[in-house]
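# Breakdown of the fold
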Amino acid sequence: MGYIEKVLEKLREWAERLIESLLGPQGNPEPEPIPVPVEDFQRRR
């Protein structure tokens, strides 16, 4: 059973590394950009 436990632990480590490389270390979604008001000079004319 010791061998199987070692293999499972190695697979778990590889899965964690793969998830971190794909999603980043925290896996949090990117924050939404803040809208910036822009004056439209064409409408004022």
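Structure: above.
Given the structure is predicted, the values throughout are model-derived calculations rather than measurements.

### A look at the pattern of salt bridges
Per the stated rule, a full pass over the model turns up 2 salt bridges. Note that Arg-12 is salt-bridged to Glu-9, the shortest N-O span being 2.8 Å. In this pair, Arg-12 and Glu-9 are both assigned in helix H1 (residues 2–23), 3 residues apart and thus about one turn of the helix distant. Of the charged contacts in the structure, one is a salt bridge between Lys-10 and Glu-13, with a shortest N-O distance of 3.9 Å. Residue Lys-10 and its partner Glu-13 are both found in helix H1; the two are separated by 3 residues, about one turn of the helix.

Rules behind the numbers
Residues numbered from 1 in each chain as written. Predicted model: local features only at pLDDT ≥ 70, side-chain atom pairs only at ≥ 80, totals over all residues. Heavy atoms only, no water. Salt bridge = Lys/Arg side-chain N within 4 Å of Asp/Glu carboxyl O. Helix = DSSP H or I, 4+ residues; strand = E, 2+ residues; numbered from the N terminus.

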